Amino acid sequence: MQTELNYDIVFDAQEHFRLLLDSISRPGKINTFPAVEIFPPEGLTRGAALTGFALLNPDATYFICGENAEQIADYLLINTAAQQAEISTTDYVFIPEGYFDESLSAARTGIPTYPEDSATFIIDCELISEGPHGNSVQINLSGPGVNGEATVFVSGISADLLDFVKEQNSEYPLGLDMIITDGYNNVIGIPRSNKFSYSQPEHINL
């Protein structure tokens, strides 16, 4: 595992952090990370890796779900100096495409006096787009940062995971924030302040 020499920890991190802030403040808006030649290990897309590079630092912690967790954790440690922690205490939870497990229920959702003391899920998926495609689900968003309702289509995300996050966010301001990335460097943000629903489009033009 090596340091990503093509990634500028000042210029790239600042640019990508601003992009993520825009995604969180404008839920459902599809942003795209500028192309950076990096080589994350299997199980971590470039979009998820770039999200980690922008958010992680020596004061932040993360937890890796799914397979190849040890190699991914080493990669993030080398490139961000952040440390892996237990899911019950960590700041960021990296979730691979199509993944859901009941162990996610241990993730922090904040407490009434400190609701911001909660985890952010960084979720990999197959594709994020403005229109339906393949086996995508349609996610409808409303709330702060959304003019009326926003719609986005995501494939390769677990319906059980979406149901779980909806349940965790039902007692706002407690809950979980989501950052969803795909294999094409696209990213969207769904903060816990937003209400969302999802459905499978009935007719999709392939």
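Below is a short write-up of the structure.

Parameters at a glance
Residues numbered from 1 in each chain as written. Predicted model: local features only at pLDDT ≥ 70, side-chain atom pairs only at ≥ 80, totals over all residues. Heavy atoms only, no water. Patch = residues over 30% accessible without salt bridge, like charges linked within 9 Å, V, L, I, M, F, W, Y side chains within 5 Å. Areas by Shrake-Rupley, 256 points an atom, 1.4 Å probe, with all protein chains shown as cover. Salt bridge = Lys/Arg side-chain N within 4 Å of Asp/Glu carboxyl O. Lys, Arg positive; Asp, Glu negative; His and termini not counted. Charge placed at Lys NZ, Arg CZ, Asp CG, Glu CD. Helix = DSSP H or I, 4+ residues; strand = E, 2+ residues; numbered from the N terminus. Buried < 20%, exposed > 50% of the residue type's maximum accessible area, 1.4 Å probe, protein only. Axes fitted to C-alpha atoms, helices over the stretch in contact; angles between N-to-C directions. Parallel < 35°, antiparallel > 145°, perpendicular 65-115°, else oblique. Left-handed = near helix turned anticlockwise from the far one by under 90°. Contact = heavy atoms within 4.5 Å. Expected span 1.5 Å × (residues − 1). Arc of directions from axis to C-beta.

A word on a negative patch on the surface. Among the surface-exposed residues, D101, E102, D160, D163 and E167 lie close enough to one another that they form a single negatively charged patch. With respect to the helices and strands, the residue D160 is situated in helix α4 (residues 159-168). Judged by its relative accessible area of 48%, D160 falls in the partly exposed class.

A few words on the packing of helix α2 (residues 46-55) against helix α3 (residues 69-80). Interhelical geometry of α2 versus α3 gives an angle of 40° and a closest axis separation of 10 Å. Taken together, the axis directions place α2 and α3 in an arrangement best described as oblique. Once α2 is placed against α3, the crossing between them reads as right-handed. Between α2, through A49, G52 and F53, and α3, the contact on the second element is made entirely by Y75, L76, N79 and T80.

Taking 1.5 Å per residue as the helical rise, α3 with its 12 residues ought to reach 16 Å, and the 16 Å between its terminal C-alpha atoms agrees with that figure. Turning to α3, its buried residues are I72, A73, Y75, L76, N79 and T80. Axial view of α3: buried residues confined to an arc of 160°, hence all on one face. Where α3 is buried, its residues meet α2, β2 (61-64), β3 (83-84) and β4 (92-95).

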